[in-house]
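Residue strings, one per chain:
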Amino acid sequence: MINKNEEKKAGLIPSFKSFKLSKSDRIEMTINLFIVAGTVSFIYLVLMFSYQQLLKFLTFNLGWTIKTNLKDNIIAYTLYNKSNQILIGLYLVTLFITVTFRYIHERNRITLRYIRKYISAMAKGKYDLRIPNEGIGDYVTLAQDVNTLMDSINQAFKERDETEKTKDELMNNIGHDIRTPLTSILGYLRLIQDSSDLTQEELASYIKTVHSKAKSMQVLINDLFEYTSTQQTTAKVNKQAIAMQAFTEQVLADFNLQAKQAGIEMFCQVTPSDLVLEIDPEKMVRVFNNFITNTFKYGEGATYQKILVTEMTDQEYKKYTRYQKNRLDTIKTEKWVVIEFRNNGTLLNEEDLERVFERSYRADSSRTSQKPGSGLGLAIVRNMVALHQGVAYGIVEDQDLVFRVEIPILREDLY
């Protein structure tokens with residue numbers, strides 16, 4: 001970030017919020033206006049002199065007299081008598097118009113030079129500069145567009161830096177989590193290799209442990225790969241028209257046995273029942289699976305898991321959503337689909353409801369938790385929902401822990 005005093009010395013940031021002419025600019029403009037005024041005056045004098053010489057030529061060389069030839073034409077005679085006043089009036093009007101237009105032109109030229117100075121500084125890396133857009137006349141729109149562009153560039157840089165930072169944190173966290181099972185695997189393999197008196201039961205136990213630790217590593221690596229692939233802007237979404245009633249019932253059917261063992265009743269409701277949504281089924285299955293699995297893992301005391309899929313108009317949705325409402329202006333749609341995963345298990349506070357979607361939240365707690373997992377599940381879910389231009393977030397409502405997925409129903413004719 002550049003120093004403000006240096007910017008002022010360079011003439012980039014004036015001591016006022018709006019644009020004003022500097023002393024040198026005023027001197028330059030005054031000189032140019034004097035030149036224009038002098039040119040107009042010179043032309044006027046030439047015309048006056050030519051007019052007087054014409055009258056003398058007509059009078060002395062041709063014997064033509066004004067009174068004799070114009071006395072019968074009152075208008076012409078009056079114009080002749082008032083000719084000097086008329087010429088002076090024309091001169092003053094012409095001078096005023098010319099100087100005014102020249103002033104506007106000079107001011108615009110200096111203003112444009114002023115704007116170009118800012119743009120040049122921005123192009124050299126001074127991205128925090130902004131063009132004051134007051135007092136710059138017709139160039140207000142240009143200044144606003146440049147400032148908006150620089151805001152976008154700064155935001156892109158900020159997001160890039162945050163992405164790099166989170167990637168570093170992610171790699172550190174995942175590296176720590178991989179190191180733990182890897183150390184165990186190497187320890188057990190060394191024990192198997194170095195011990196010649198192991199019984200078959202001991203050997204089978206060690207191999208089972210190694211296999212379990214290897215599977216934990218595989219989960220971590222697969223989740224890391226899936227997280228990074230869904231975070232990329234080039235990630236592909238293979239959308240298909242999916243009947244949500246059948247889709248939801250099929251997903252729940254995969255958890256029937258696990259739900260019975262956990263004593264959790266599962267049911268779904270799709271409104272309307274014939275709702276069809278354009279989604280990537282593979283990615284959306286992962287979204288459903290993650291939210292449902294989290295109920296089994298962390299929803300202690302839960303007796304039910306509800307999945308509610310509801311189609312809403314844009315007006316209904318804006319009243320319903322609790323997500324950042326300022327984002328709604330960027331999405332043009334007439335309908336939304338809201339998917340809710342509700343359970344009556346352990347509730348989370350407001351801070352944790354947002355943190356569970358962070359990359360490092362579960363990774364940090366998993367070092368002391370007995371529950372397996374990479375901690376990337378909900379971060380992956382949010383990325384997958386974002387690929388559908390939707391959002392995912394958590395709330396507590398009616399003593400239920402609720403995770404919402406909100407997806408716009410986009411149509412080509414809405415763009």
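Residues numbered from 1 in each chain as written. Predicted model: local features only at pLDDT ≥ 70, side-chain atom pairs only at ≥ 80, totals over all residues. Heavy atoms only, no water.

Caption draft 1: Here's a closer look at the packing of aromatic side chains. For the structure on display, the rule yields 10 aromatic pairs. Measuring from centroid to centroid gives 5.0 Å for Phe 288 and Phe 341, while their planes differ by 80°, and the two rings are edge-to-face. Of this pair, Phe 288 sits in helix H10 (residues 281–298) while Phe 341 is found in strand E5 (residues 335–343), placing the two residues 53 residues apart along the sequence. Residue Phe 288 is classed as buried on the basis of its relative accessible area of 0%. Given a relative accessible area of 2%, Phe 341 falls into the buried group. The aromatic ring of Tyr 304 is capped on one face by Lys 306, whose charged end is 4.7 Å from the ring centroid. (Phe/Tyr/Trp six-rings, centres within 6.5 Å; stacked < 30°, edge-to-face > 60°. Helix = DSSP H or I, 4+ residues; strand = E, 2+ residues; numbered from the N terminus. Buried < 20%, exposed > 50% of the residue type's maximum accessible area, 1.4 Å probe, protein only. Lys NZ or Arg CZ within 6 Å of the ring centre and 35° of its normal.)

Caption draft 2: Main features of the pattern of salt bridges. Under the definition given, this model contains 13 salt bridges. Linking Glu 106 and Arg 102 is a salt bridge whose minimum nitrogen-to-oxygen distance equals 3.1 Å. Here Arg 102 and Glu 106 lie together in helix H5 (residues 83–123), a separation of four residues that amounts to about one turn. Put simply, Glu 397 and Arg 342 hold a salt bridge, and the shortest N to O gap is 2.1 Å. Pair noted here: Glu 397 is in strand E6 (residues 391–397) and Arg 342 is in strand E5, with a separation of 55 residues, a long-range link. Accessibility classification places Glu 397 together with Arg 342 in one group, the buried group. One salt-bridge network, held together by shared partners, links Arg 322, Glu 340, Arg 342, Glu 397, Asp 400 and Arg 404. (Salt bridge = Lys/Arg side-chain N within 4 Å of Asp/Glu carboxyl O.)

Caption draft 3: Up close: the side chain of Glu 340. By the element assignment, Glu 340 lies in strand E5. In terms of polar contacts, Glu 340 uses its side chain to reach the side chain of Tyr 320, at 2.5 Å. The residues contacting Glu 340, other than those within four sequence positions of it, are Lys 306, Ile 307, Leu 308, Tyr 320, Val 402, Phe 403 and Arg 404. (Polar contact = N/O pair within 3.5 Å; in protein donor to acceptor, adjacent residues only side chain to side chain. Contact = heavy atoms within 4.5 Å.)

Caption draft 4: Representation of the side chain of Arg 382 within the structure. One can find Arg 382 in helix H14 (residues 377–387). Of note is the side chain of Arg 382, whose polar atom sits 2.7 Å from the backbone oxygen of Ala 392. Ignoring anything within four residues of it in the chain, the contact list for Arg 382 reads Glu 354, Phe 357, Ala 392 and Tyr 393.

Caption draft 5: Region of the structure containing the packing of helix H8 (residues 244–253) against H10. Two numbers describe how H8 lies on H10: the axes approach to 11 Å, and their chain directions differ by 50°. In terms of their interaxial angle, H8 and H10 are classed as oblique. For the element pair H8 and H10, the recorded crossing hand is right-handed. Mapping the contact onto sequence places Met 244, Phe 247, Thr 248, Val 251 and Leu 252 in H8 and Pro 281, Met 284, Val 285, Phe 288, Asn 289 and Ile 292 in H10. Considering only residue class, the contact of H8 with H10 consists of nine nonpolar, two polar and no charged. (Axes fitted to C-alpha atoms, helices over the stretch in contact; angles between N-to-C directions. Parallel < 35°, antiparallel > 145°, perpendicular 65-115°, else oblique. Left-handed = near helix turned anticlockwise from the far one by under 90°. Nonpolar A, V, L, I, M, F, W, Y, C, P; charged D, E, K, R; others polar.)

Caption draft 6: Highlighting the packing of H10 against H14. Their axes nearest at 9 Å, the elements H10 and H14 cross at an angle of 145°. H14 is crossed by H10, and the crossing has left-handed handedness. Residues Lys 283, Arg 286, Val 287, Asn 290, Phe 291 and Asn 294 of H10 touch H14, and the partners they reach there are Gly 377, Leu 378, Ile 380, Val 381, Met 384, Val 385 and Leu 387. Of the residues in the contact of H10 with H14, the class split is eight nonpolar, three polar and two charged.

Caption draft 7: Representation of the pairing of strand E7 (residues 400–409) within the structure. For E7, the buried fraction is high: 10 of the 10 residues fall into the buried class. Side chains Asp 400, Val 402, Arg 404, Glu 406 and Pro 408 of E7 all project onto a buried face; the interleaved residues Leu 401, Phe 403, Val 405, Ile 407 and Ile 409 project onto the opposite face, where all are buried too. Hairpin connection of E6 to E7: two residues between the antiparallel strands, including Asp 398 at a positive phi of 55°. (Pairing = 2+ DSSP bridges.)

Caption draft 8: Quick look at the confidence of the model for the protein. A residue-level look at the protein finds 78% of positions with pLDDT of 70 or above and a mean pLDDT of 78. pLDDT under 50 marks residues 6–17. Its contacts with residues more than four places away, or in other chains, come to 18 contacts. Throughout residues 362–370 the model reports pLDDT below 50, and contacts reaching past four residues in sequence, or to other chains, amount to 16 contacts. (pLDDT = per-residue confidence, 0-100.)

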